[in-house]
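# Coordinate analysis (summary)
Below are the chains, spelled out letter by letter.
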Amino acid sequence: MTTANDLIHISAADLAERLSSGEVSSVEATRAHLDRIEAVDGDVHAYLHVAADAALERAAEVDRLRAEGDAGLGPLAGVPVAIKDVLCTIDMPSTAGSRILEGWVPPYDATVVRKLREAHLIPLGKTNMDEFAMGSSTEHSAYGPTRNPWDLDRIPGGSGGGSAAAVAAFEAPFALGSDTGGSIRQPAAVTASVGVKPTYGGVSRYGAIALASSLDQVGPVSRTVLDSALLHDVIGGHDPRDSTSIPDTWPSMAAAARAGRREGAMKGMRVGVVKQLNGEGFQAGVTQRFTEALALLEEAGAEIVEIDAPHFEYAIAAYYLILPAEASSNLAKFDSVRFGLRVNPPGGGTVEQVMSATREAGFGPEVKRRIILGTYALSAGYYDAYYGSAQKVRTLIQRDFDAAFGRVDVLVTPSAPTTAFRLGEKLDDPLAMYLNDLTTIPANLAGVPGIGLPIGLAPEDGLPVGIQFMAPARADARLYTVGAALEQILEDRWGGPLLSQAPELAVATAGGTN
Amino acid sequence: MAKPDLMDFDRALELYEPVLGFEVHVELNTATKMFSDAPNYFGGEPNTNITPVDLGLPGSLPVVNEQAIRYSISLGLALGCSIAESSRFARKNYFYPDLAKNYQISQYDEPIAYRGSVDVELEDGRSFTIPIERAHMEEDAGKLTHVGGSTGRIQGAEYSLVDYNRAGVPLVEIVTDIIYGADRDAPELAKAYVSTIRDIVVALGISDARMERGNLRCDANISLSPRGSGILGTRTETKNVNSLRSVERAIRYEIQRQAAILSAGGTITQETRHWHEDTGRTSAGRPKSDADDYRYFPEPDLLPVQPSTELIEELRAALPEAPALRRRRLKAEWGFTDLEFRDVVNSGLLNELAETVAAGASPQAARKWWTGEIARLANAAGVDSSSLVTAQQVAELIELVEAGTLTDRLARQVLEGVIAGEGSPAQVVDTRGLAVVSDDTALLAAIDEALAAQPDVLAKIRDGKVQAAGAVIGAVMKAMRGQADAARVRELVLERAK
């Protein structure tokens, strides 16, 4: 007998099996998650929009198809999923956490959302995020911050704090996120969840509201490595609507994750520790857990190698020129003419004045900061010094990766320099906020894939610490193997997933749920 | 102002040398738009022919139209350009409501085609080589309609409407190098250049090339250099030039206007000028400076365009004959005099003539009909000759004349019928009953009747006053309602007098 409590705590893979065997229905699973959202999301605020009725209808439809013996149902049919609000959904508002898109319902689905629907997953709703994915704490959402299920006074990471918190608070088995400089991996680290930034071009960006086009990548967020792999298999692959999408066929990520759980999966794997992304500037507990994880990998047969990546130290500087430059152009379309917020200046005005008033009222301070930075970096006379130089650094970082992957199979770093900080702690210090993405940014600049997963709690604060593996472009499957192998070793030691050590959230008792 | 605002053209040319440059935008007639799968068609209800990409909706992404790439390569090759192994799209950033994304996707520092030249011929047969700097691909903007106010322009309008149906239509912009040495031929050279570009894109079949519909748009840059000084003047860029004739007039006007200002000690403002077809003048548009900052950067949503050598060579092999070479060949084949041929070219009827000859007509007859009666009718109706009749129809008409079925006069009536939509020439001959009466019995009956009415005529003819036959011939032709061969009637009258 599976209880509602089980349904929200088991992995997506387990849930899919129980759905497939007929042990539980999709309606039951969906209702259990909707009830959980109702019970805890008042505190966590992972969701901006919950589509309860639509979710239950779709779940009933999947149950009907299954009852009819539909052979076309995919392996995840009937499993609920949360969707970051940066992704366009034809039946739900898509705001990217911004006031300027409040209530905007796109006339089309993002390709990844379409793929979820075609695979008969059940979208539960849209998750909170920093406005236009600019931030590392979800505090820059126009709709209020999301809180970390481990400690409600702390940030859940960002920009995809909503997806990570939803998964960590058992409000969804897994979720879609987007990662421009760490927006999937850093929230995963501070919430003890798993997150993957695929190879650039591995997953379609069509319908993902662009932050920085050359860096953005959609990816999965989950509680287990296998679940991320299963979701990756659904959303990945070539999309003719995204010119930067890679036309290759991909191996099964789920098969790669399952291979990682086999005995000896790490044997002979060469793991490179990036000298520049270790030690100095990292919280002691982060370094401690990271070092322990390396020892476990070595014990499992991996060869640990130190790697010098001399240009990584310029990654943040380059990133904060390239990202704002692209963002300043990508966000120009938010001008009130065709969609979204319109603010008329008192007494009316010219179109320029309406655009200006709308952007003044509709964008938050971090968005304005980056638009101004980016506009400046692209300006005539400054382009070569700023944008041009940043692109050169980007090339040098790519070369560092090439050289490293000539020696090792994967690179490894902590996912974030610290555990979750307190809400408001870094809000007035943009530079301190930017440093959160120190270890995750290089992968975006080079277009290589990265996976983040939990490796324990920092002794000093009892909060989750994450580890990140990176692989060469197109070698995403290798990350799932390595990630699943380490996950297995750690869970064997912990006696279960790290999230089972998270404090129980207070459950709202009001409301008519049962 | 006390000083005249235009200087006499000849005087202007004595003082200044015009320096030219052209930007010609060619709308490609691909099936779909440059970056979306919306049909490449922008008539109809506003904002219906659009996709999320054309509207620049959040999350939408552009995908390059492969056909547009092929067309652009063909055009580049026809302009004698090198085709870039790798070219890139860039974003040209500026806020304007006809621009859905507030940036235009264009090519900037890496165009698909670069460094070429085009030979153009002036009316007197002289040839002039126009250097081409580049040809690059870009997307068109939407269309603004300014409502309220008297001018239909943005100044003074109450509000403006925007139609994105045209947003994303594929364009190739052909940019010339600076053109020196045009001298007093500048206005005619401008017209000849645009005309040549039109011929090229029509021959390639890549654009409908109708200037009045904006398929082909010319921005004309002009500045004046004090004669012999070697100093370049400040340029203006004249837009909204929607016909070949306007190109010529606009250049002529700007030379006269700038010369008047400069000679009075004034300075030219670097700006766009708006051409007014009705008044034949230009007016100031927006100031344009070299410092306009569009914050160009490589378009990250698109990959570089890297056509294979095989594709380029395939397109090169398929290029039609260059218009200048083709003209030379046709003139020789048809045996036209310089004057005859120039007349055809200047009437813009070369293609019609070539098609008519290809359909079996003799070159001289084709020339006579197209530059004569058809041109006259087109002129009277204010339309293009080619819109009245097809080359096939003209060839058929000529064949009927040459077979003796029609006289020229009857043929003109048949032509009217064809234009009126009554069918092919043969059908019009049938339905109107217009064929020449070649039955001598019928003609002789009419002749005898006419001779009986004018009994003195036979005597006069017999006295050697052969011209007296004219009165009888006229009466017979009238009786036959023109459907007789006057020469044959004359022969028969003279026989009767024997």
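Throughout what follows, the structure given in this document is the object of discussion.

Thresholds applied
- Residues numbered from 1 in each chain as written.
- Chains lettered and ligands numbered in written order.
- Predicted model: local features only at pLDDT ≥ 70, side-chain atom pairs only at ≥ 80, totals over all residues.
- Heavy atoms only, no water.
- Helix = DSSP H or I, 4+ residues; strand = E, 2+ residues; numbered from the N terminus.
- Rg over C-alpha atoms; globule rule 2.2 N^0.38 Å.
- Contact = heavy atoms within 4.5 Å.
- Salt bridge = Lys/Arg side-chain N within 4 Å of Asp/Glu carboxyl O.
- Buried < 20%, exposed > 50% of the residue type's maximum accessible area, 1.4 Å probe, protein only.
- Pairing = 2+ DSSP bridges.
- Axes fitted to C-alpha atoms, helices over the stretch in contact; angles between N-to-C directions.
- Phe/Tyr/Trp six-rings, centres within 6.5 Å; stacked < 30°, edge-to-face > 60°.
- Lys NZ or Arg CZ within 6 Å of the ring centre and 35° of its normal.

## Things to note about the overall build of chain A
- Along its length, chain A carries 17 helices and 11 strands.
- Here the C-alpha radius of gyration of chain A, 22 Å, is about what a compact globule of 514 residues would show, namely 24 Å.
- For chain A, the spread of C-alpha atoms along the three principal axes comes to 65 × 55 × 45 Å.
- Of all intrachain contacts in chain A linking residues separated by at least 6 positions in sequence, the fraction that spans at least 24 positions is 76%.

## A closer look at the pattern of salt bridges
- Tallying each qualifying case throughout the model produces 58 salt bridges over all chains.
- A:R205 is paired through a salt bridge with B:D301; the nearest N and O atoms lie 3.1 Å apart. With one member in each of two chains, A:R205 in the loop between β5 (194-197) and β6 (218-222) and B:D301 in the loop between β14 (297-298) and α5 (309-317) form a pair that bridges those chains. With respect to class, A:R205 is no different from B:D301; both count as buried.
- In this structure, B:E14 and B:R11 form a salt bridge, with 3.1 Å as the shortest nitrogen-oxygen distance. Here B:E14 pairs with B:R11, and both are found in helix α1 (residues 9-15), just 3 residues apart, close to one helical turn.

## Things to note about unusual backbone geometry
All names here are of chain A.
- In this model, G158 is joined to S159 through a cis peptide bond whose omega is 5 degrees.
- Along the chain, S159 turns up in the loop between β3 (122-127) and α6 (161-168).
- The backbone of A96 sits at a positive phi, close to 55 degrees, despite the residue not being glycine.
- In this fold, A96 is placed in the loop between β2 (80-84) and α5 (111-118).
- Of the residues examined, A96 reaches a relative accessible area of 0% and is grouped as buried.
- The phi torsion at R474 lies on the positive side, around 75 degrees, for a residue other than glycine.
- When you line up the elements, R474 lands in the loop between β11 (464-470) and α17 (476-494).

## Overview of the sheet that holds strand β4 (residues 174-178) of chain A
All names here are of chain A.
- Spatially, the 11 strands line up as an open sheet ordered β1-β3-β2-β4-β6-β5-β10-β11-β9-β7-β8, and their pairing is mixed. Both outer strands of the open sheet, β1 (47-50) and β8 (303-307), are each paired with one neighbouring strand and no more. Averaged over neighbouring strand pairs, the angle between their axes works out to 30 degrees when direction is ignored.
- Examined bridge by bridge, β2 and β4 share 2 bridges and lie parallel to one another. Counterpart to I83 in the pairing with β4 is L176.
- On top of the sheet, helix α10 (residues 284-299) reaches β7 (270-274), β8, β9 (410-414), β10 (450-457) and β11; it is set at about 50 degrees to β11, its chief contact.
- Across the face of the sheet, helix α14 (residues 384-405) comes into contact with β8, β9 and β11 while running at roughly 120 degrees to β9.

## A word on the packing of aromatic side chains
- This structure, assessed with the given rule, holds 22 aromatic pairs over all chains.
- Seen from their ring centres, A:Y108 and A:Y206 are 5.4 Å apart, and the 50 degrees between their planes marks the pair as tilted. Placement of A:Y108 in the loop between β2 and α5 and of A:Y206 in the loop between β5 and β6 is noted, with a sequence separation of 98 residues between them. When sorted by exposure, A:Y108 lands in the same class as A:Y206, which is buried.
- By way of ring pairs, the aromatic residues A:W104, A:F132, A:F334, A:F339 and A:F363 are connected into one cluster.
- A cation over a ring is seen here: A:R241 above A:Y206, with NZ or CZ 5.5 Å from the ring centre.
- Between the NZ or CZ atom of B:K92 and the centre of the ring of B:Y294, over which it lies, the distance is 4.4 Å.

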